[in-house]
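# Report on the structure
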Amino acid sequence: MNALKFRETGQGKAGGLLLLLALIAGCTSTTVDEFRQGDTGIESHESVVILGRRQAGNRETSSDFVECVGDRLAQGVDGLSVVPEQEFLDAMFPWFEPRTAPLQPEHLGRLMVEEQVALTMRDFGVRYIIWVDGFTETLNRVGSISCTVAPGGAGCFGYGSWEDDASFNAEIWDVENYNGVGQISTDATGQSFMPAIVIPIPLIARVEANACQRLGDQLKSFVIGG
Amino acid sequence: MNHPGMAIVKLLLPALLLSACGASSVVISGSFPTPNIGKLPLSLAVVYDDTLEEFTYTEYSETGQEEYHIQSGQSHIELFNAILPAMFDRVIRVDAVEEGAGAGVDAIFVPNIEEFQLALPAKTRLDVYEVWIKYNMRLLTTEGDYLADWVLTSYGKTPTETFVSTETAINDAAIVALRDLASTFALSFAQVPEISDWLANR
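What you see is a predicted model, and the numbers here were worked out from it, not measured in a lab. (Residues numbered from 1 in each chain as written. Chains lettered and ligands numbered in written order. Predicted model: local features only at pLDDT ≥ 70, side-chain atom pairs only at ≥ 80, totals over all residues. Heavy atoms only, no water.)

## Regarding the overall build of chain B
- Tallying secondary structure elements over chain B gives seven helices and eight strands in all.
- Counting over 202 residues, chain B shows a buried share of 45%.
- When contacts within chain B are restricted to residue pairs at least 6 apart in sequence, long-range pairs at least 24 apart make up 70% of them.
- Split by element, the accessible area of chain B, about 10200 Å² in all, is 54% carbon and sulfur. (Helix = DSSP H or I, 4+ residues; strand = E, 2+ residues; numbered from the N terminus. Buried < 20%, exposed > 50% of the residue type's maximum accessible area, 1.4 Å probe, protein only. Contact = heavy atoms within 4.5 Å. Areas by Shrake-Rupley, 256 points an atom, 1.4 Å probe, with all protein chains shown as cover.)

## What about the packing of aromatic side chains?
Residue and element names in this part refer to chain B.
- For the coordinates displayed, the defined rule picks out 18 aromatic pairs over all chains.
- Pairing phenylalanine 55 with phenylalanine 116 gives two aromatic rings, centres 6.0 Å apart and planes at 35°, and the pair type is tilted. With a gap of 61 residues between them, phenylalanine 55 in the loop between helix H2 (50-53) and strand S3 (56-60) and phenylalanine 116 in strand S6 (residues 107-119) connect regions that are remote in the sequence.
- An aromatic cluster is defined as three or more aromatic residues linked by ring pairs; in this entry it consists of Tyr48, Phe80, Phe88, Phe109, Trp150, Phe185 and Phe189.
- Over the face of the ring belonging to tryptophan 198 we find arginine 202, whose NZ or CZ atom lies 5.1 Å from the ring centre. (Phe/Tyr/Trp six-rings, centres within 6.5 Å; stacked < 30°, edge-to-face > 60°. Lys NZ or Arg CZ within 6 Å of the ring centre and 35° of its normal.)

## Let's talk about the interface of chain A and chain B
- Taken together, the 21 residues of chain A in the interface contact 24 residues of chain B.
- Between chain A and chain B, roughly 1800 Å² of surface is buried when both sides are summed, and carbon and sulfur atoms account for 54% of that area.
- Summed over the three residues of chain A that lose the most area to chain B, namely Phe93, Arg99 and Pro151 of chain A, the buried surface amounts to 35% of that side.
- Between chain A and chain B we count four salt bridges in total.
- Aspartate 90 of chain A is paired through a salt bridge with arginine 179 of chain B; the nearest N and O atoms lie 2.8 Å apart.
- Our count for the chain A to chain B interface comes out at nine residue pairs in polar contact (both at pLDDT 80 or more).
- Broken down by secondary-structure element, the contributors of at least two residues to the side of chain A that touches chain B are helix H3 (85-91) and helix H5 (115-124) of chain A.
- With four residues, H3 of chain A is the single largest residue contributor to the side of chain A that touches chain B.
- A class-by-class count of the residues in the side of chain A that touches chain B yields eight nonpolar, seven polar and six charged. (Buried area = accessible area lost by both parts, 1.4 Å probe. Salt bridge = Lys/Arg side-chain N within 4 Å of Asp/Glu carboxyl O. Polar contact = N/O pair within 3.5 Å; in protein donor to acceptor, adjacent residues only side chain to side chain. Nonpolar A, V, L, I, M, F, W, Y, C, P; charged D, E, K, R; others polar.)

## What to know about the state of the cysteines
Residues and elements named next belong to chain A.
- Overall, the coordinates contain two disulfides over all chains when judged by the stated rule.
- The residue that forms a disulfide with cysteine 68 is cysteine 212, at a sulfur-sulfur distance of 1.9 Å. As the torsion about the S-S bond is roughly -95°, the cysteine 68-cysteine 212 disulfide counts as left-handed. You can see cysteine 68 sitting in helix H2 (residues 63-74) and its partner cysteine 212 sitting in helix H6 (residues 207-224), a full 144 residues away along the chain.
- Across the disulfide from cysteine 147 sits cysteine 156; the S-S distance is 2.0 Å. One disulfide, between cysteine 147 and cysteine 156, carries an S-S torsion of 105° and so falls in the right-handed class. (Disulfide = S-S within 2.5 Å.)

## Describing the packing of helix H3 (residues 73-87) of chain B against helix H6 (residues 166-188) of chain B
Residues and elements named next belong to chain B.
- One can describe the packing of H3 onto H6 by two numbers: an axis separation of 11 Å at closest approach and a directional angle of 30°. Comparing their axes, H6 and H3 come out roughly parallel. Here H3 and H6 pass one another in a crossing that is right-handed. Along its contact with H3, which presents Ser75, His76, Leu79, Phe80, Ile83, Leu84 and Met87, the element H6 presents Leu178, Leu181, Ala182, Phe185 and Ala186.
- Taken together, the residues that form the contact of H3 with H6 break down as 10 nonpolar, two polar and no charged. (Axes fitted to C-alpha atoms, helices over the stretch in contact; angles between N-to-C directions. Parallel < 35°, antiparallel > 145°, perpendicular 65-115°, else oblique. Left-handed = near helix turned anticlockwise from the far one by under 90°.)

## With respect to the sheet that holds strand S1 (residues 28-36) of chain A
Residues and elements named next belong to chain A.
- Spatially, the six strands line up as an open sheet ordered S1-S6-S5-S4-S2-S3, and their pairing is mixed. Two strands close off the open sheet at either side, each with one partner strand: S1 and strand S3 (81-83). For this sheet the average axis-to-axis angle between neighbouring strands, irrespective of direction, equals 20°.
- Its contacts with the sheet put helix H4 (residues 105-112) on strand S4 (126-150), strand S5 (153-174) and strand S6 (179-200), and the angle it makes with S5 is roughly 70°. (Pairing = 2+ DSSP bridges.)

## Examining the side chain of serine 161 of chain A
All names here are of chain A.
- Note that serine 161 resides in strand S5.
- Here serine 161 falls in the buried class, since its relative accessible area comes to 5%.
- In this structure the side chain of serine 161 is engaged in a polar contact, spanning 2.8 Å, whose partner is the side chain of glutamine 191.
- Apart from residues lying up to four places away in sequence, serine 161 is in contact with Asn140, Arg141, Val142, Gln191, Ser192 and Phe193.

## A few points about the pairing of strand S2 (residues 47-52) of chain A
Residue and element names in this part refer to chain A.
- Counting buried positions along S2 gives six out of six residues, so the element sits mostly inside the fold.
- Along S2, one buried face is formed by Ser47, Val49 and Leu51 and the opposite face, lined by Val48, Ile50 and Gly52, is buried too.
- In terms of strand pairing, S2 meets S3 through three bridges, oriented parallel. Along S3, the bridge assignment pairs valine 49 with valine 83.
- In terms of strand pairing, S2 meets S4 through six bridges, oriented parallel. Within S4, the position partnered with glycine 52 by the bridge is valine 132.

Okay, structure coming up:
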């Protein structure tokens, strides 16, 4: 009876620990900063395109993150029309490649002098170009998990933990007026855990997903305007 | 008594040992968009010589073993076949410079790869695969004399990702480098001083 009680208490503790870890893992702290430089607004026939900056040497903005922000902008009853990044880059080739893309909104005016660029931009109905620059990095990785494979079976034991930090900045350019209308930056951090008792149980903080969600929502309300 | 686990280990062990030997082969493949630019009023013959067509780069491991054979000749030809017709009024392919003389063209274009470099995360400790390519571009008269001879470089990178093989990542980085070549070539062709002078005197 006592042994049974002990086992139940042990299971309860392990369950409690896992629940606690899951709750902690779910906690991601996200901050969003907005800097408005001009008025915005968008008509129903106009669209936006979100492009990732890829000029930096040892990192680049992930196309998955750019797609995620685009999906967020397109969601809901007030969803915006978003031109897919790759479709835009291919149609605009070679003007928006890493080495040839305009770096300042003022350069847009020079680019729009090119007849093909202006025509393609008009065909897409692009009113705003949103440049997203940033990345997610993993910091403070601690712990270790060892796994063993034997003819009789396999199993892992140990514990790992790490912190993810997603930092992204979005610059919004008005294609009609060739100027920058604002910037929104988002920074999300979260702790992930991976306890392993026979099988590893990943308790992953959804850092990049949260950054995408918050940035997407903020961008949508920014573009819709005020 | 034979345990089923042992049978799997016996089966997998030779495969694992074999996979550790020899270099992996990567044939660069991808699609390239047509440049959205105005055409130059020129007719051009293009020569892809054997050194370009059969270009293969070999990456060696730190112990000097052949690690990867990267075949990128055909992908370069596909790239030029996509961009040249968008840049010039008429483009024909000829097998040799001499053939261009009777083809009724304004000039003969001969692209070549001079150098290929690969940087792998395992060696650089960076989270990206990188490809650098250096080209020698030649534009010749129909008589085979030099109109212009210039160097172009291209660069491509792709981040490391879980569940993406090294071969796929090398291919992706090379395709980015090829797009970089296409964009630089398309936008800088008429700005090469010798070509600019030649175009102005036509």
